[in-house]
Amino acid sequence: MPLIDNGLEILSPEQCHDLLRRNTVGRVAVTVAALPAIFPVNYAALDGQIVFRTGEGTKLQAALDKAVVAFQIDHFDGSVASGWSVMAVGMAEEITDADEVVVAEALGLLPFAAGDRSHYVPIRPPFISGRRIV
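Residues numbered from 1 in each chain as written. Predicted model: local features only at pLDDT ≥ 70, side-chain atom pairs only at ≥ 80, totals over all residues. Heavy atoms only, no water.

(A) Seen up close, the nonpolar core. Ranked by size, the top nonpolar core spans 23 residues in total, and within it L20, V28, F71, I73, V86 and I123 carry the most contacts. Of all the secondary structure elements, the ones that give two or more residues to this core are α1 (13–22), β3 (25–32), β4 (35–46), β5 (49–54), α2 (58–64), β6 (68–77), β7 (82–92) and β8 (119–133). A total of four residues in this core trace back to one element, the largest contributor, which is β7. In this view, V86 contacts L11, C16, L19, L20, F71, Q72, I73, I128, S129 and G130; residues no more than four positions away in its chain are not counted. In this structure, I95, A104, L109 and Y120 belong to the second largest nonpolar core, which totals six residues. (Core = buried A, V, L, I, M, F, W, Y, C linked by side-chain atoms within 4.5 Å. Buried < 20%, exposed > 50% of the residue type's maximum accessible area, 1.4 Å probe, protein only. Helix = DSSP H or I, 4+ residues; strand = E, 2+ residues; numbered from the N terminus. Contact = heavy atoms within 4.5 Å.)

Here's what the structure looks like:
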């Protein structure tokens, strides 16, 4: 029986990971000068990690700094007032090991935006949480 809190079903970590595997677009939140900055990314789930590609800039700098970031996906249907949300928090870092780059490339992650996005960034979330409107 699902746990319900104020009209929201608390999703299990397994349900959250399942939703992450079934989707491809989310948002990554990083800190810039002590302020939150949120960016849309397309991603793939791999062995409990969230992997996205990026170019030079804010997201890559967060990975190079091994910053703690948040990642979020959701789906809402306003016509029937239903939806769900998953949030994962973990450290980001650039993949530099050649063997790991090969594995990341095999994900077939093609960035939606034009430009050089040759850096692979995994987020390894020790914290994952999700809610569904019931």
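Next comes the rest of the account.
(B) Broad picture of the pairing of β5. Burial analysis of β5 places five of its six residues in the buried class, which makes it a mostly covered element. Relative to β5, β4 runs antiparallel, the two being bridged by four bridges. Bridging from a neighbouring strand, A45 pairs with I50 of β5. From the end of β4 to the start of β5, which pair antiparallel, there are two residues, and D47 there has a positive phi angle of about 50°. The pairing of β5 with β8 spans five bridges and is classified as antiparallel. Pairing of R53 across the sheet is with Y120, part of β8. (Pairing = 2+ DSSP bridges.)

(C) A look at the pattern of salt bridges. In the structure shown here, the tally under the stated rule is six salt bridges. Where R132 meets E9, a salt bridge forms, and the shortest distance between an N and an O atom there is 3.3 Å. Here the residue R132 occupies a position in strand β8, and E9 occupies one in strand β2 (residues 8–11), the gap between them amounting to 123 residues. Salt-bridge contacts for D18 lead to R21; the nearest nitrogen and oxygen are separated by 3.8 Å. (Salt bridge = Lys/Arg side-chain N within 4 Å of Asp/Glu carboxyl O.)

(D) Structural context of the side chain of N42. Following the sequence through the fold, N42 ends up in strand β4. Engagement of the side chain of N42 in a polar contact is seen with the backbone oxygen of L110, the distance being 2.7 Å. Setting aside its immediate chain neighbours within four residues, N42 contacts T24, V25, V51, F52, L109, L110, P111 and F112. (Polar contact = N/O pair within 3.5 Å; in protein donor to acceptor, adjacent residues only side chain to side chain.)

(E) Layout of the layout of surface pockets. Of the volumes computed, that of the largest pocket is approximately 270 Å³. Along its surface, the largest pocket is lined by 17 residues, and P40, V41, K59, A113 and R117 are the ones closest to its centre. Those elements giving two or more residues to the lining of the largest pocket turn out to be β4, β5 and α2. By residue number, the principal contributor to the lining of the largest pocket is β4, which donates four residues. Broken down by class, the residue content of the lining of the largest pocket amounts to eight nonpolar, five polar and four charged. (1 Å grid on protein atoms, 1.4 Å probe; cavity = no way out; pocket = protein on both sides within 12 Å on 5 of 7 lines; lining within 4 Å. Points joined across faces, edges and corners; volume = space filled by probe spheres on them. Nonpolar A, V, L, I, M, F, W, Y, C, P; charged D, E, K, R; others polar.)

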